[in-house]
Amino acid sequence: MSAAQAGPELQRLRELLDAGQVKLGVHIRPMNSPGSPVYRAQENVLPAGAVLVASFAATALVHFYLGAAVLAVGCWWWLMKQQPRVRDAVFDRTAALVLSADAHFDFWWSRGVLSLYARLPDGEERAATRRDDWRGFIRALPESLDPLPKD
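Treat the numbers as computed from the prediction; the structure is a model and nothing was measured. (Residues numbered from 1 in each chain as written. Predicted model: local features only at pLDDT ≥ 70, side-chain atom pairs only at ≥ 80, totals over all residues. Heavy atoms only, no water.)

Draft legend 1. Examining the nonpolar core more closely. Among the nonpolar cores identified, the biggest contains 30 residues, and Leu13, Leu24, Phe105, Leu114, Leu116 and Leu141 are the most heavily contacted of them. Listed by contribution, the elements that provide at least two residues to this core are helix H1 (8-19), strand S1 (22-26), helix H4 (64-98), helix H5 (102-110), strand S2 (114-119) and helix H6 (134-140). Among the elements that line this core, the one with the most residues is H4, at 5 residues. Excluding its chain neighbours within four sequence positions, the residues that come into contact with phenylalanine 105 are Leu10, Leu13, Leu24, Val98, Leu99, Leu114, Leu116 and Trp134. (Core = buried A, V, L, I, M, F, W, Y, C linked by side-chain atoms within 4.5 Å. Buried < 20%, exposed > 50% of the residue type's maximum accessible area, 1.4 Å probe, protein only. Helix = DSSP H or I, 4+ residues; strand = E, 2+ residues; numbered from the N terminus. Contact = heavy atoms within 4.5 Å.)

Draft legend 2. Fine view of helix H3 (residues 41-61). Between its first and last C-alpha atoms H3 spans 29 Å; for 21 residues at 1.5 Å apiece the expected length is 30 Å, and the two agree. The complete set of buried residues in H3 reads Glu43, Asn44, Pro47, Val51, Ser55 and Ala58. Each buried residue of H3 lies within a common arc of 105 degrees when the element is viewed along its axis, so the set occupies one face. Away from its buried face, by an angle of more than 90 degrees, H3 presents the exposed residues Leu46, Val53, Phe56, Ala60 and Leu61. For H3, the elements touching its buried residues are H4. (Expected span 1.5 Å × (residues − 1). Arc of directions from axis to C-beta.)

Draft legend 3. Focus on the pattern of salt bridges. In the structure shown here, the tally under the stated rule is 8 salt bridges. A salt bridge links glutamate 9 to arginine 139, with the nearest nitrogen and oxygen atoms 2.8 Å apart. Pair noted here: glutamate 9 is in helix H1 and arginine 139 is in helix H6, with a separation of 130 residues, a long-range link. Glutamate 9 gets classed as buried once you look at its relative accessible area, which sits at 14%. The closest approach of N and O atoms between arginine 93 and glutamate 43, which form a salt bridge, is 3.0 Å. With arginine 93 in helix H4 and glutamate 43 in helix H3, this residue pair connects regions lying 50 residues apart in the sequence. Each of Glu9, Asp106, Asp133, Arg135 and Arg139 takes part in one network of salt bridges that share partners. (Salt bridge = Lys/Arg side-chain N within 4 Å of Asp/Glu carboxyl O.)

Draft legend 4. Up close: the packing of aromatic side chains. Under the counting rule described, the total for this entry stands at 4 aromatic pairs. Ring centres of phenylalanine 64 and tyrosine 65 lie 5.7 Å apart, and the angle between their planes is 65 degrees; on these two criteria the pair is classed as edge-to-face. Judged by relative accessible area, which is 55%, phenylalanine 64 ranks as exposed. The interplanar angle of 80 degrees and the centroid separation of 4.9 Å between the aromatic rings of phenylalanine 107 and tryptophan 108 together place this pair among those described as edge-to-face. Its relative accessible area of 40% is what places phenylalanine 107 among the partly exposed residues. A relative accessible area of 11% means that tryptophan 108 is categorised as buried. (Phe/Tyr/Trp six-rings, centres within 6.5 Å; stacked < 30°, edge-to-face > 60°.)

These figures capture arrangement, not role.
Below, the structure written as structure tokens:
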């Protein structure tokens, strides 16, 4: 489904997201699990496996303390460097998937993976989750949030 074929609510949501007026929330854990269309095993399994193999090799070839140090550094690298990259990549792939078609957005919304948040000009905050109707949430937002038309 192209952008021209998307429903009016999804099209407005895309515009509001692009303008920064609405924020999309993604539950990363279910989307970064095997079976998800945005899951990439090479992002999750290979780096962790490489850290374990390096730790085992250091333990076997040199000493237990070196293996423990390699494992500690590998865990720090995974948590501080790799995991944020994976999280951002999963978010980006999920956003691209769900914003591509109404059916995709409806499906993942019903699974509880997505949420929407908006702060109105008067300071009021609104949020929508699985229990809410995302189309109703978009329709209820005031027109003042709409970005200026592009010429």
